[in-house]
Protein chains: 4
Amino acid sequence: MSLHIGATALCSRFLLGTAGYPSPETLRQAIAASGAQVLTLGLKRTLGTGQPDNGFVQIIRHAAQQQGARLLPNTAGCRTAHEAVQLALMARELFGTDWIKLEVVGDEQLLAPDPFELLSAARELCAQGFTVLPYCTDDLVLSQRLLDAGCAALMPWGAPIGSGQGLLNPFALRALRARFPRATLIVDAGLGAPSQAAQAMELGFDGVLLNSAVAQAADPVRMAAAFAAAIEAGRQAYAAGLIAPQDLAIPSTPVWDRAA
Amino acid sequence: MSLHIGATALCSRFLLGTAGYPSPETLRQAIAASGAQVLTLGLKRTLGTGQPDNGFVQIIRHAAQQQGARLLPNTAGCRTAHEAVQLALMARELFGTDWIKLEVVGDEQLLAPDPFELLSAARELCAQGFTVLPYCTDDLVLSQRLLDAGCAALMPWGAPIGSGQGLLNPFALRALRARFPRATLIVDAGLGAPSQAAQAMELGFDGVLLNSAVAQAADPVRMAAAFAAAIEAGRQAYAAGLIAPQDLAIPSTPVWDRAA
Amino acid sequence: MSLHIGATALCSRFLLGTAGYPSPETLRQAIAASGAQVLTLGLKRTLGTGQPDNGFVQIIRHAAQQQGARLLPNTAGCRTAHEAVQLALMARELFGTDWIKLEVVGDEQLLAPDPFELLSAARELCAQGFTVLPYCTDDLVLSQRLLDAGCAALMPWGAPIGSGQGLLNPFALRALRARFPRATLIVDAGLGAPSQAAQAMELGFDGVLLNSAVAQAADPVRMAAAFAAAIEAGRQAYAAGLIAPQDLAIPSTPVWDRAA
Amino acid sequence: MSLHIGATALCSRFLLGTAGYPSPETLRQAIAASGAQVLTLGLKRTLGTGQPDNGFVQIIRHAAQQQGARLLPNTAGCRTAHEAVQLALMARELFGTDWIKLEVVGDEQLLAPDPFELLSAARELCAQGFTVLPYCTDDLVLSQRLLDAGCAALMPWGAPIGSGQGLLNPFALRALRARFPRATLIVDAGLGAPSQAAQAMELGFDGVLLNSAVAQAADPVRMAAAFAAAIEAGRQAYAAGLIAPQDLAIPSTPVWDRAA
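Thresholds, definitions, all that
Residues numbered from 1 in each chain as written. Chains lettered and ligands numbered in written order. Predicted model: local features only at pLDDT ≥ 70, side-chain atom pairs only at ≥ 80, totals over all residues. Heavy atoms only, no water. UniProt positions renumbered as here; feature names shortened; annotations may be inferred. Helix = DSSP H or I, 4+ residues; strand = E, 2+ residues; numbered from the N terminus. Axes fitted to C-alpha atoms, helices over the stretch in contact; angles between N-to-C directions. Parallel < 35°, antiparallel > 145°, perpendicular 65-115°, else oblique. Left-handed = near helix turned anticlockwise from the far one by under 90°. Contact = heavy atoms within 4.5 Å. Nonpolar A, V, L, I, M, F, W, Y, C, P; charged D, E, K, R; others polar. Expected span 1.5 Å × (residues − 1). Buried < 20%, exposed > 50% of the residue type's maximum accessible area, 1.4 Å probe, protein only. Pairing = 2+ DSSP bridges. Right-handed = clockwise from strand over helix to strand, strands pointing away. pLDDT = per-residue confidence, 0-100. Core = buried A, V, L, I, M, F, W, Y, C linked by side-chain atoms within 4.5 Å. Phe/Tyr/Trp six-rings, centres within 6.5 Å; stacked < 30°, edge-to-face > 60°. Lys NZ or Arg CZ within 6 Å of the ring centre and 35° of its normal.

**Regarding the UniProt feature "active site" (unreviewed entry) in chain A**
When the UniProt feature table is mapped onto this chain numbering, "active site" (unreviewed entry) sits at Lys101(A). By secondary structure assignment, the location of Lys101(A) is in strand S6 (residues 99-102).

**Some thoughts on the packing of helix H4 (residues 115-127) of chain D against helix H5 (residues 140-149) of chain D**
For any two helices packed against each other, the geometry comes down to the angle between their axes and how far apart the axes lie. All names here are of chain D. Close contact between H4 and H5 brings their axes to 9 Å; oriented N to C, the two are set at 15 degrees. It follows from the interaxial angle that H4 and H5 lie roughly parallel. In this structure, H4 crosses over H5, and the sense of that crossing is right-handed. Within the contact between the two elements, H4 uses Pro115, Leu118, Leu119, Ala122, Arg123 and Cys126 and H5 uses Leu142, Arg145, Leu146 and Ala149. Tallied by class, residues from the contact of H4 with H5 come to eight nonpolar, no polar and two charged.

**Some points on helix H9 (residues 220-240) of chain C**
Along an α-helix, a turn takes 3.6 residues, which lines up residues three or four apart on a common side. For H9(C), built from 21 residues, the straight-helix expectation of 30 Å at 1.5 Å per residue is met to within 8% by its first-to-last C-alpha distance of 30 Å. Backbone geometry just downstream of H9(C) places Gly241(C) in the positive-phi region, at approximately 80 degrees.

**Overview of the pairing of strand S3 (residues 14-17) of chain B**
Residue and element names in this part refer to chain B. Of the two faces of S3, the one holding Phe14 and Leu16 and the one holding Leu15 and Gly17 are both buried throughout. Pairing analysis gives three bridges linking S3 to strand S12 (residues 207-210), with the strands arranged parallel. Counted as the bridge partner of leucine 16 is leucine 210 from S12. With three bridges joining them, S3 and strand S4 (residues 38-42) adopt parallel strand pairing. Within S4, the residue paired with leucine 15 across the bridge is valine 38. Of the crossover connections in this fold, the one passing from S3 over helix H1 (residues 24-34) to the parallel S4 is right-handed.

**As for the confidence of the model for chain A**
Averaged over chain A, the pLDDT score is 91; the fraction of residues at 70 or greater is 91%. In the model, residues 255-260 of chain A has pLDDT below 50 throughout and makes 17 contacts with residues more than four positions away in sequence or in other chains.

**Quick look at the nonpolar core**
Judged by nonpolar contacts, the single largest core of 156 residues is most densely connected at Val214(A) and Val214(C). Excluding residues that lie within four positions of it along the chain, Val214(C) makes contacts with Phe14(C), Leu16(C), Tyr21(C), Ala30(C), Pro220(C), Met223(C), Ala224(C) and Phe227(C). Leu167(B), Leu176(B), Leu203(B) and Ile231(B) belong to the second-largest nonpolar core, a separate cluster that totals 154 residues.

**Here we look at the pairing of strand S5 (residues 70-74) of chain A**
All names here are of chain A. With four of five residues buried, S5 is to be regarded as a mostly interior element. Two elements, strand S4 (residues 38-42) and S5, share five bridges in a ladder whose sense is parallel. When the sheet's bridge partners are listed, glycine 42 is paired in S5 with asparagine 74.

**Digging into the packing of aromatic side chains**
Counted by the stated rule, this structure contains ten aromatic pairs over all chains. Ring centres of Phe14(C) and Phe227(C) lie 6.3 Å apart, and the angle between their planes is 40 degrees; this geometry places the pair in the tilted category. On the criterion of sequence distance, the pair formed by Phe14(C) in strand S3 (residues 14-17) and Phe227(C) in helix H9 is long-range, its members being 213 residues apart. Each of the two residues, Phe14(C) as well as Phe227(C), counts as buried. In this structure, Arg70(B) packs its charged tip against the face of Trp99(B), placed 4.4 Å from the ring centre. Against the face of Tyr135(D) rests Lys101(D), its NZ or CZ located 5.7 Å from the ring centre.

What follows is the structure, given as structure tokens:
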């Protein structure tokens, strides 16, 4: 079973962010433990004022190479479509990929996507040949328009970035899955625990992208492995056909000859 | 990391029930896929009126042998302490083990444990040298008394047997874990999805026992593997130190040089 | 305490929809029992093909007059900004009010608001002097833009219309309240029970609009009274300062002299 | 509609605790605002070491008289059946009532009921002619035995005393209501907000008992009124027949002539 993004098939359904790890070495090991084939990285931190980045990008590039992973530059920190498009163009140059995780944030405190600027940027970038993966809300109408614009996947949040709240609105996510049965849907942001990642996969999502829950864990490497296993477990469960919840108890051990 | 039941250390934290599979062959494969080292089986169905059991017990014995698993006979179907104790004594003879999953049910519709008969039976069986694993509620006081009686582990329900509702009261389960930090605690019954099993493990439980969610799945073998992975993932996550949920978003990608 | 919509102060915080009642007389009584000072009504059903409406509009007008209520025509059934604006203009003529509940739906199955068409229609109608109350999602960015456009209040859904699911995402609603402390915020749609209406008010919302939960109840008149009481209770509780939830029990009856 | 406790019919379904108010005058006013016809009070604080109680009991007696309320002494602070029975006997002398709220706590941190000591005390007190209202868990089997013992009502917790967590396990409470359709069932403890009290009533419970959520509110008098209204609203809603939650949206305003 593989995850499709555009024409690319990936064997891991876990997409990992690379920011905020305690050390470059921990990052390197966490990437390996995750088995992720898609690694996101912020562009803004790598540009700019001439500050060294401690070999950060080099590590990611190297790790990506080692496990056959692709880079997915993001536009974190952008507030307008214009700004995001500019950054995406730079990222394409810098990293040699037309994949872009499109973030355009409209609320500083919850880092909520701005549906208007996001759609505008998505249209522009799709037109320019990018493979666009927008970080979006669970809004059905926005989702439809992003797909119409040509986005390769949708990446709705489960909860605000870094909040670790899990899936705040499973009803909306289920509706999204039902409405777009053929689209690639990835839960991006807000997850804090592997059980929540498994839940997203059991709802039929195609993948999970996260960063803080691994990077900020007490033991990021071990946590990366835990998420990898949970995501795969959730996918297998979805494929294996979950039982429907019941209001009454049903004996698992029927007592057909009451011998005693 | 291993699961301790009495003096026994087991390397799998998944305990699997053996009832209600579509075929003996599916049961055999599901056991293998689960990697379970403890297999529960009802006694009543194997006794009695001379009806053949289609080699059911033989399959379980053989599977147990192959993967170094122990049998855990249960007293499903018992309504009184007396009845459960009698059945446990028979089980010890029949299966050559002093391990017993003690079920004494006091409500037919929800298959709810009867705290009074359960405690009485637990005391009697502990006195007779059994390794007693009671299927119980999340009641703190009952739990204390079962431990005082000498039970080797506690197995509170997550929800009614076979209901697939998941953890109906995580608050109570968390309280149980906090109150008995050194006891072996296993969530038994009510789980429907691997994400729920992972959640139990993330709360710090030592293991998960289930049956219907695997046996009644569309593909029991694949579901057994999914649960096995999720249980291990949840355990690893507990050990790796989960991040605390936050009310506000925290950028995973800090934008320290706003270059654009 | 009063609810402010534009320059108008209302003493009831309950806004009632008038569709789908079993009979005109039940509608009349339910309006009275609700004490609502705002009554919404669909425009499309009153226009058109010359079918009689069984005096429906006349009843609402009369009931409104009797309890000093205002009519709030809605644009239910509209799919585009253009369509909604046309309908609003007709409503202004027909009902002699510039109040409009602006619905522009972008998903047929969940009747989800279309954020793009909604904002466009809101801008147009505000420019034309309407008092605009948009039925919207809990999206922070959309909300900000609707307020910037001059909307008199925001009416985010609790859940899809008629679903009776209650508040699917209390986190998002709380965030909305926190971000716009001075805006008039009304939960519109999705509520099924008075407890859910009270919950919305306890979160600090200014009012609740509903229809199906009353109209489809077994006894709509009694249910209208129940919602009215619950909405007021929730508001009083918000004003009275709720206790914060605790993880541990706190004895309400301290035992300071252990006499026994 | 009235609440039946034994042979007594009460017109209010709100039972109020009297501990922990900021002042005697606030307590007096809160009682009046609640309209409660049952007032609980701890016995231990009124006995013992000769410390004055600031006229506390006198206020409660007087308030009770004024609104035709009954006193319901409780055995808060008791750890054994013996202790609780002794205290109940004293309460009967002191307050001239055979009503007793029976608390026997087995866990200090969560103030969890001890099912064993509780049942034992209930049997003894019923035998001695008391009208026994036990503070219990939502355990079905314990509930059955308490009713068999002759208890006049069951008072399961919603959550630990003073925690303000609301109904931690609505599934269990619903099961309790379904199993004992004719018993008087009152949710006691753990509620923090009027919406939660309404929810309990919507599940079909006969009444709600609380203390901290009123006494510890910023404005206890106003909060007492809020709870009173919410409890009544919840009861009316239960009687009026709530709509069933739906997975899909159902238009409240059907658009039968698409005129535009």
